[in-house]
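One letter stands for each residue in the lines below.
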Amino acid sequence: MISIELIWAVILAFAIFAYIVLDGFDLGIGIIYPFLTKKVDRDMAMNSVAPIWDGNETWLILGGGGLFAAFPLAYSIILPALYAPLTAMLIGLILRGVAFEFRWKSKSKKNIWDQAFILGSIIATLMQGIALGAFIQGIDVEGRAYAGGWWDWLSPFSVFVGFSLISGYALLGSTWLIMKTEGDLKQLAIKLSKKFATIMLFAIFIVSVWTPLLNPEYFIKWFSWPFMLYALPVPLLVFLTSITLFYALKKQHNIKPFLMTVFLFLLSFIGFLISIFPHIVPPSIDIWGAASPEKSLKFLLVGVVIFLPVILIYTSYTYWVFRGKVKLDDFQH
Amino acid sequence: MIDAIDLARFQFAFVVSFHIIFPAFTIGLAFYLAVLEGLWLWKKEQRYLDLFKYWLKIFAVAFAMGVVSGIVMSYQFGTNWSVFSDKTGPVLGPLMGYEILSAFFLEAGFLGIMLFGLNKVGKKLHFFATLMVAFGTFFSAFWILSVNSWMHTPTGFDINATGQFIPLDWFEIIFNPSFPYRLIHMLMAAYLTTAFVVVSVGAFHLLKTNTSNTNSKTMISMGLWMIACIAPLQLIAGDFHGLNTLEYQPAKVAAMEGHYESKKGAPLILFGIPNDEEGRIDYEVSIPKLGSLILTHSLDGEIRGLNEWPRDERPPAEIIFWSFRLMVGIGLLMIAIGFASLWMRVKGILYSCRWYCRVLMFSGPIGFVAVIAGWVTTEVGRQPYTVYGLLKTVDSVAPIDALAVGLSLITFIITYFIIFGSGVFYIFKQFQIDPDQNEKFNNVLAERGGISYIVNALGRVKKTF
């Protein structure tokens, strides 16, 4: 049954997925930055995302803002529950965000803003992963408020998801570089991609086995007949996609490795949605229980219907303007 | 031991005050850039392109700092003020959603082309991108000021069984009674803030080089036209906004004016020390009847004093009495500077009068001070409520631990001072480059640091006196 609450859940899922992929590759550039030792390589990597990172990060605001507007109850429970990792994530995003502008201004040889870019990207990614892990584990609720403690978010599972996400974003970043660069840097990116792809697939496997064990409800969805039938294509497609990814890396394809990585993220994201649906604060609150009144949902839906297509058009246009292999001298302003 | 709520309030005040500095500057600067690029396309004069490129670099840094400090804001509501979020989400959430969809994406989407795309997309499309960024800053101000105004003058809502505010009439919510005044007042404040920065940098270089410095003169001239026109209008807009506040939040106005006792024909208190404890003003210096004249436009109009409200429903006059005077004082100074510029243009000494140039140079930051003082006045004046008259601040806070809020507060303070300190440092470094020499210095930054801008300026003061 299609209800406006469900439509909003889909919009929110879309915004979050767009954020994961888009900011994922530019955060990933920060994560693999230590492997780029030559200054010119670093300049190239930075330039390949400089015109678009800001737009990419806007999806995070849409995710947060959309949650606030459409599911204010979920917003007011999840954010206090994830207080520490979210605050640390924000600090990380600040550090790396300003590094885009500051590193061109700093004269010193050992550019401190390069370090800030690396540190900020890793912190932001780790904390997003931890927040995701803590969310999947479930959040303690009493009445209309968070009822857990200050360290509930910290667990072996959440930390593992945190590190898994680092490998995932690193893979998005390195396959992005394959697409955007040439020569030595591209070869380096291919080598890195092979490493991070291996780590990420291993991480996907562990998280997939671990998640159903956290909650009997998740277990039923993944391992009981006939639910299994709906869930089964996901792991199968993951398997096929990874084979294609490694093949494309071996053949040194430009675009395919990035697309395959995006597809891996999509499959993992669908797996995540299968686990938690229809909850928006697992395990207790579902999307209908947390939704704003219909009048609020309808009003903003009009805005989404009008603006989202336009946003997608001009965002694509910006990507189109800066398409192709990146060159150094394009980026002086 | 300090309460979690006090720490949460301080944290919000800190992050929002830091944040507003950047939008207040970039809202004006985005339009200045659009005007410069438009003039360049129209008149084909090199100086406009020079200035466009000069200010674009500063815009890039300021905008990046505005974005990252803004993301923090969008999470503050949830982490520290979750009860407020749960209760107001159905009304305020969609307005913020419209801000994200119509403003944030527009700015971010076209910023890349604006910064890096001049040689890639051609002049006209590039101008279009600059315009879109400028409109983005305007839409952003529109929606967020609507949200803020609704918290001051809530209309068009109902309250449901769980205590949530729910929307009844979106038009009434968006165009709530204080919104038009606040929007106009803030936009003009942003334009004035930017104009003073532009004029200050121009004056600095004019004083330094002391030759026929066309780009610096262009900056000074454009900025002063803006100031001469907008500063007086701002006074009028401020007066209207004040009258609107008197109607909807009389306690705030009483605290701003320092009126504790209700009076017919109340004086205008110029100076005094408000004493909230005793409910009176000490060492009062005032002009009889003028207070009533200004607020009610009649010599014998009645003004309600703070003592009419129970103690726990009064805003602290000890803060906003001062912040209000600071804002108004700067506003009057701006008007004086604007009028002086007109007189000097007539006399033909606008660029040659050195003391006036020095005044301009040192007035660079006054817009920021006025903006922050104004926001302190209106926001502290809304206390003890978040949604005026309906939801108290103490009832809005998240179920949080003082330790967690305290730790995050310290982290924010340290990070902000390092990051935004560096940002301001780089902006000052850019200011040191002569706008007439900008192309020569393109990407070769001045050897001296931002500190020497200040040292130079101080050296000049010494010579003056």
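The written sequence of each chain sets the order in which its residues are numbered from 1. Each chain is given a letter, starting from A, and each ligand a number, starting from 1, according to the order in which they appear as written. Local features are withheld for residues below a pLDDT of 70 in this predicted model, meaning they are given only at 70 or higher, and side-chain atom pairs are given and counted only at 80 or more; totals for whole chains, interfaces and linings count all residues. Based on all heavy atoms of the structure, the side-chain values leave hydrogens and waters out of the count.

S.K.: I'd like a rundown of the overall build of chain A, residues and numbers included.
M.R.: The helix and strand tally for chain A stands at 14 helices and four strands. At 20 Å, chain A has a C-alpha radius of gyration in line with the 20 Å of a compact globule built from 333 residues. C-alpha extents for chain A along the principal axes are approximately 55 × 40 × 40 Å. A simple rule labels every residue: compare its accessible area, found with a 1.4 Å probe on the protein chains alone, to the largest value its type can have, and call it buried under 20%, exposed over 50%, or partly exposed in between. Buried residues in chain A amount to 61% of all 333 residues. When the accessible surface of chain A is split by element, carbon and sulfur atoms take 73% of a total near 13700 Å². In this tally, Lys and Arg are treated as positive and Asp and Glu as negative; His is ignored, and so are the chain termini. A charge is said to be at NZ when it belongs to Lys, at CZ for Arg, at CG for Asp and at CD for Glu. For chain A, the separation between the mean place of its 24 positive charges and that of its 19 negative charges on side chains is 12 Å. Only DSSP runs of H or I with at least four residues qualify as helices, and only runs of E with at least two residues qualify as strands; both kinds are numbered from the N terminus onward. Radius of gyration here is computed from C-alpha atoms only, and the compact-globule reference equals 2.2 Å multiplied by the residue count raised to the power 0.38. Method for areas: the Shrake-Rupley scheme with a 1.4 Å probe, in which residue coverage is limited to the protein chains shown.

S.K.: Give a detailed account of the pairing of strand 4 (residues 268-275) of chain B, specifying residues and quantitative values.
M.R.: All names here are of chain B. Each pair of strands is called paired provided DSSP finds at least two bridges between the two strands. By the bridge criterion, six bridges tie strand 4 to strand 5 (residues 280-287) in an arrangement that is antiparallel. Across the sheet, residue Pro-274 finds its bridge partner in strand 5, namely Ile-281. The hairpin formed by strand 4 and strand 5 contains four residues between the paired strands, and Gly-279 there has a positive phi angle of roughly 70°.

S.K.: Give me the lowdown on the nonpolar core, citing residues and values where you can.
M.R.: Of all hydrophobic cores here, the largest spans 232 residues; its most connected members are Trp-8, Trp-59, Phe-71 and Ile-280 of chain A together with Trp-55 of chain B. Considering every element that reaches this core, the biggest residue donor is helix 2 (residues 46-79) of chain B, with 21 residues. Contacts are residue-level and defined by heavy atoms, with any inter-residue pair within 4.5 Å sufficient. For Phe-71 of chain A, the contacting residues outside a window of four places in its chain are Glu-5, Trp-8, Ala-9, Leu-12, Gly-66, Ile-280, Ile-287, Ala-290 and Ala-291 of chain A. Core analysis: the second largest hydrophobic core is formed by 28 residues, Met-188, Phe-204, Cys-353 and Cys-357 of chain B among them. To qualify as a nonpolar core, a set must consist of buried Ala, Val, Leu, Ile, Met, Phe, Trp, Tyr and Cys residues joined through side-chain atoms within 4.5 Å.

S.K.: Requested: an account of the packing of aromatic side chains, with residues and values cited.
M.R.: Paired rings are identified among Phe, Tyr and Trp, the last through its six-membered ring, by centres lying within 6.5 Å, and are further divided according to the angle between planes into stacked (under 30 degrees), edge-to-face (over 60) and tilted (the rest). Throughout the structure, instances matching the rule amount to 63 aromatic pairs over all chains. Arranged with centres 5.0 Å apart and planes meeting at 40°, the rings of Tyr-314 of chain A and Phe-110 of chain B form a pair that is tilted. Of this pair, Tyr-314 of chain A sits in helix 14 (residues 294-321) while Phe-110 of chain B sits in helix 3 (residues 82-116), which puts the two residues in different chains. Judged by relative accessible area, Tyr-314 of chain A falls into the buried class, the value being 8%. Look at Phe-110 of chain B and you get buried, because its relative accessible area is 6%. Between the aromatic rings of Phe-142 of chain B and Phe-179 of chain B, the centroid separation amounts to 5.0 Å while the plane-to-plane angle is 90°, which identifies the pairing as edge-to-face. Linking Phe-142 of chain B in helix 5 (residues 123-152) with Phe-179 of chain B in helix 7 (residues 179-209), this pair joins segments that are 37 residues apart in sequence. A relative accessible area of 15% places Phe-142 of chain B in the buried class. What links up through ring pairs into an aromatic cluster is the set Phe-299 and Phe-307 of chain A together with Tyr-98, Phe-142, Trp-143, Trp-170, Phe-171, Phe-175 and Phe-179 of chain B. In this structure, Arg-323 of chain A packs its charged tip against the face of Trp-320 of chain A, placed 3.9 Å from the ring centre. One cation-aromatic arrangement involves Arg-345 of chain B over Trp-225 of chain B; the distance from NZ or CZ to the ring centre is 3.9 Å. A ring has a charge above it when a Lys NZ or an Arg CZ is no more than 6 Å from the ring centre and no more than 35 degrees off the ring normal.

S.K.: Describe the interface of chain A and chain B, and please don't skip the residues or the numbers.
M.R.: The interface is formed by 62 residues belonging to chain A together with 74 residues belonging to chain B. A 1.4 Å probe defines the accessible area here, and the buried area is the portion of it lost by two parts on being joined, summed over both. Here chain A and chain B share an interface that buries about 6400 Å² over both sides, 76% of which is from carbon and sulfur atoms. We count a salt bridge whenever a side-chain nitrogen from Lys or Arg sits within 4 Å of a carboxyl oxygen from Asp or Glu. Summed over the shared surface of chain A and chain B, the number is one salt bridge. Its salt-bridge partner being Asp-86 of chain B, residue Arg-144 of chain A comes within 2.9 Å of it at the nearest N-O pair. We define a polar contact as two N or O atoms separated by no more than 3.5 Å, with the added condition that, inside protein, one atom must be a possible hydrogen donor and the other a possible acceptor, whereas residues neighbouring each other in sequence contribute only through side-chain atom pairs. One can count 13 residue pairs in polar contact (both at pLDDT 80 or more) joining chain A with chain B. Within the residue set of the side of chain A that touches chain B, elements represented by two or more residues are helix 3 (53-70), helix 4 (72-81), helix 5 (83-102), strand 2 (145-146) and helix 14 of chain A. By the convention adopted, Pro, Cys, Tyr, Trp, Phe, Met, Ile, Leu, Val and Ala count as nonpolar, Lys, Arg, Asp and Glu as charged, and the other residues, Gly among them, as polar. The residue makeup of the side of chain A that touches chain B, split by class, is 40 nonpolar, 14 polar and eight charged.

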